[in-house]
Amino acid sequence: MSLRAGLLLGFFGLFASAPAASVQEDPGTLLRAGQRWLEAGNPAAAVESFRRLVRVAPDGRSFYYFGVALLEAGHAEDAVGALRRAEERAPDGNPALALALGTALVRTGDAAAAAAVLSGAAERHPEAAPILLQLGYAHYLQLEGEAARAVLLRARAAAPGDPAAHFYLGLAEAALGELEPAAASFREAIRRAPDEPEFHVALGGTLTRLGRAGEARAAYRAALDLVPGSAAALTGVGLLDLRAGDPEGAVRAFEAAVEADPTHRQALYNLASALALLGRNEEAAAARRRFAESAASGEDPARSLARTRVRNPGS
């Protein structure tokens, strides 16, 4: 679940008007230019417009948009700094700012700080589904399954038509071992957004845990129809092959997954296991070394849902 600029721009009216124009550059012109770049999907250009804006009009709104553009451009650490400066200047309880800052903190890996920001916003705006979704995801990242589920149930109630609400609730339910409800949540997400490969992969993983291999394969096939090189779906197929006693098939699937994503930890780990079962010990050792290198690199690719197109409920 990436943070959509349009979602944040919808809260624009909560900020005060820009100050009078500078003798050198007009804040209103810079603001509109940056907004147009965001809407056009060019966050790098928006960053430059808003960087100039904060120089001539360093108010809460300017730093807010600067932070949003930095976040959209993939500079989460810098976005946190800009959004904290907006927080110092903005009216109390601004939901757009809380959502943007919470999302930026999630992206930097500080889920605890994100939950602190978003919890206050959720209390002030109990029906704001985007805030509830991001708060639930922050709890999920901290392995707080019960808290995540409670918040995400509220998000689903607030926005029952949003496929992301069903998807993230399914993640929390699966983490708690509530596999049948999780599968139902993922199926509902798919019903509402059938072209999201992440939904099909999540359903496949849950069905695998339920022992329903045929249905799981169908879910992975659906994901691969949408994204033929999906490392997550290929890894799921490989795991099914391993369970079915077909290590050769598993190797083919895991190798395809690693070709698509050379640092995919689950694929590398299980590739080593499948190769060892076939007696291909040198290749298994090489796969284990690659797994160790990926594990030492930091971020777990399995958490990439934080950046998907459905994407951070804000992602």
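As a starting point, this report considers the structure included with it.

Reading the values: the criteria
Residues numbered from 1 in each chain as written. Predicted model: local features only at pLDDT ≥ 70, side-chain atom pairs only at ≥ 80, totals over all residues. Heavy atoms only, no water. Helix = DSSP H or I, 4+ residues; strand = E, 2+ residues; numbered from the N terminus. Areas by Shrake-Rupley, 256 points an atom, 1.4 Å probe, with all protein chains shown as cover. Core = buried A, V, L, I, M, F, W, Y, C linked by side-chain atoms within 4.5 Å. Buried < 20%, exposed > 50% of the residue type's maximum accessible area, 1.4 Å probe, protein only. Contact = heavy atoms within 4.5 Å. Expected span 1.5 Å × (residues − 1). Salt bridge = Lys/Arg side-chain N within 4 Å of Asp/Glu carboxyl O. Axes fitted to C-alpha atoms, helices over the stretch in contact; angles between N-to-C directions. Parallel < 35°, antiparallel > 145°, perpendicular 65-115°, else oblique. Left-handed = near helix turned anticlockwise from the far one by under 90°.

1. Side note on the overall build of the protein chain
No. 1: A tally of helices and strands in the protein chain yields 17 helices and zero strands.
No. 2: As presented, the protein chain carries roughly 14000 Å² of accessible surface, and 51% of it is formed by carbon and sulfur atoms.

2. A short note on the nonpolar core
No. 1: Ranked by internal contacts, the top residues of the largest apolar core, which has 95 residues, are Phe50, Tyr64, Phe66, Leu83, Phe167 and Tyr168.
No. 2: Once residues within four sequence positions are removed from consideration, phenylalanine 66 is found in contact with Val47, Phe50, Arg51, Val54 and Ala82.

3. Brief notes about unusual backbone geometry
No. 1: Of note in this structure, leucine 143 is not a glycine but carries a positive phi near 65°.
No. 2: Within the secondary structure layout, leucine 143 lies in the loop between helix 8 (129-141) and helix 9 (145-158).
No. 3: The exposed category is assigned to leucine 143, whose relative accessible area is 69%.

4. Comments concerning helix 4 (residues 60-72)
No. 1: Spanning 13 residues, helix 4 covers 18 Å between terminal C-alpha atoms, matching the ideal 18 Å at 1.5 Å per step.
No. 2: Judged by how many residues are buried, helix 4 sits mostly within the fold: 12 of 13 residues are covered.
No. 3: Every buried residue belonging to helix 4 is among Gly60, Arg61, Ser62, Phe63, Tyr64, Tyr65, Phe66, Gly67, Val68, Ala69, Leu70 and Leu71, and all of these are buried.
No. 4: Positive backbone phi, at 90°, marks glycine 74, one or two positions downstream of helix 4.

5. Some details on the pattern of salt bridges
No. 1: Counted by the stated rule, this structure contains 11 salt bridges.
No. 2: Its salt-bridge partner being arginine 149, residue glutamate 146 comes within 3.0 Å of it at the nearest N-O pair. Placement of the pair is glutamate 146 and arginine 149 together in helix 9, with a separation of three residues, close to one helical turn.
No. 3: Across the pair glutamate 215 and arginine 212 runs a salt bridge, and its minimum N-O distance is 3.1 Å.
No. 4: Taking relative accessible area as the criterion, arginine 212 reaches 25% and is therefore assigned partly exposed.
No. 5: Linked through salt bridges whose partners overlap, the residues forming this network are Glu180, Arg187, Arg212 and Glu215.

6. Thoughts on the packing of helix 16 (residues 265-277) against helix 17 (residues 281-296)
Helix-helix packing is characterised by the crossing angle of the two axes and by the distance between the axes.
No. 1: Two elements in contact, helix 16 and helix 17, have axes whose closest approach is 8 Å; the angle formed by their N-to-C orientations is 160°. It follows that helix 16 is roughly antiparallel to helix 17 by the angle criterion. Note on packing geometry: the crossing formed by helix 16 with helix 17 is left-handed. From helix 16, Arg265, Leu268, Tyr269, Leu271, Ala272, Leu275 and Ala276 reach across to helix 17, where they touch Asn281, Glu283, Ala284, Ala287, Arg288, Arg290, Phe291, Ser294 and Ala295.

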